[in-house]
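# Tertiary structure, described
Residue-level listing of the chains:
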Amino acid sequence: MAELKVTAIKDGTVIDHIPAGKGLKVIEILHLNRPNGGALLLASNVRSGKLGRKDIVKVEGRFLSEEEVNKIALIAPTATVNIVRDYGVSEKFKVEVPDEITGILHCANPNCVSNHEHTVSRFHVVSREPLKVRCHYCERTMEGDEILRNL
Ligand SMILES: [Zn+2]
């Protein structure tokens, strides 16, 4: 039954095992709410053996790129991504926080060179649980809500 729900869209992406309450943030970060002709579904606070409660996001007609998946990893490190083609799961992978995050996060230090020059931001992941990153340029560290605010 659970598998049936996951594959209920014809083509698209299902992001499963999102921590409960983070589904909307996933939609916001990935700009999934932009009209593109496909349906967007958010299942909130779904019972899950693994996490207690979880959110599920289904987006029709769109396949996530690796860069997008990395963005999800920052707020939903437990998420799994299912690529659905013709009602079947053609690819399934777990998102992973990369060793280095480039071009997604903004540095919280207003004086950081990455906020002024045409520099691509670059962070080193120093801890995954809890998530903690350090700016390559000014060595400022960010974690928790500060990371979410600067995405
Ligand atoms: Zn910085």
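Residues numbered from 1 in each chain as written. Predicted model: local features only at pLDDT ≥ 70, side-chain atom pairs only at ≥ 80, totals over all residues. Heavy atoms only, no water.

## With respect to the UniProt feature "binding site: Zn(2+)" (unreviewed entry) in the protein
Summarizing the sequence annotation, UniProt attributes the feature "binding site: Zn(2+)" (unreviewed entry) to Cys 107, Cys 112, Cys 135 and Cys 138 in the numbering used throughout. A stretch of 32 residues holds the annotated residues, and the largest C-alpha distance among them is 8.9 Å, short enough that they meet in one place. Position of Cys 135 among the secondary structure elements: in strand β8 (residues 131-135). In this structure Cys 135 comes out as buried when scored by relative accessible area, which is 1%. For Cys 138, the position within the fold is in the loop between β8 and β9 (141-143). The class of Cys 138 is partly exposed, set by a relative accessible area of 28%. The contact partners of Cys 138, leaving out residues within four places of it in the chain, are Cys 107, Asn 109 and Cys 112. (UniProt positions renumbered as here; feature names shortened; annotations may be inferred. Helix = DSSP H or I, 4+ residues; strand = E, 2+ residues; numbered from the N terminus. Buried < 20%, exposed > 50% of the residue type's maximum accessible area, 1.4 Å probe, protein only. Contact = heavy atoms within 4.5 Å.)

## Side note on the coordination of the zinc ion
Summarising the metal site, the zinc ion is bound by the protein donors Cys 107 (SG), Cys 112 (SG), Cys 135 (SG) and Cys 138 (SG), whose distances to it range over 2.3 to 2.4 Å. Around the zinc ion, the four donor atoms are arranged such that angles at the metal cover 101 to 113°; this shape is classified as tetrahedral. Counting along the primary sequence, the residues that act as donors to the zinc ion give the motif C-x4-C-x22-C-x2-C. Here Cys 135 lies in strand β8 and Cys 107 lies in the loop between β6 (100-102) and β7 (122-128), a separation of 28 residues in the sequence. Both residues of the pair, Cys 107 and Cys 135, count as buried. (Donors = N, O, S within 2.8 Å, 3.2 Å for Na, K, Ca; no water. Tetrahedral: all angles 85-135°; square planar, octahedral: opposite > 155°, others 65-115°.)

## Focus: the environment of Val 81
By secondary structure assignment, the location of Val 81 is in strand β4 (residues 80-85). Relative accessible area serves as the criterion here: at 0%, Val 81 is assigned to the buried category.

## Description of the side chain of Glu 146
Note on placement: Glu 146 falls in helix α4 (residues 145-149). Within the local environment of Glu 146, its side chain forms a polar contact with the side chain of Arg 140, the two groups lying 2.6 Å apart. Once residues lying within four places of it in the same chain are set aside, the contact partners of Glu 146 are Ala 108, Arg 140 and Thr 141. (Polar contact = N/O pair within 3.5 Å; in protein donor to acceptor, adjacent residues only side chain to side chain.)

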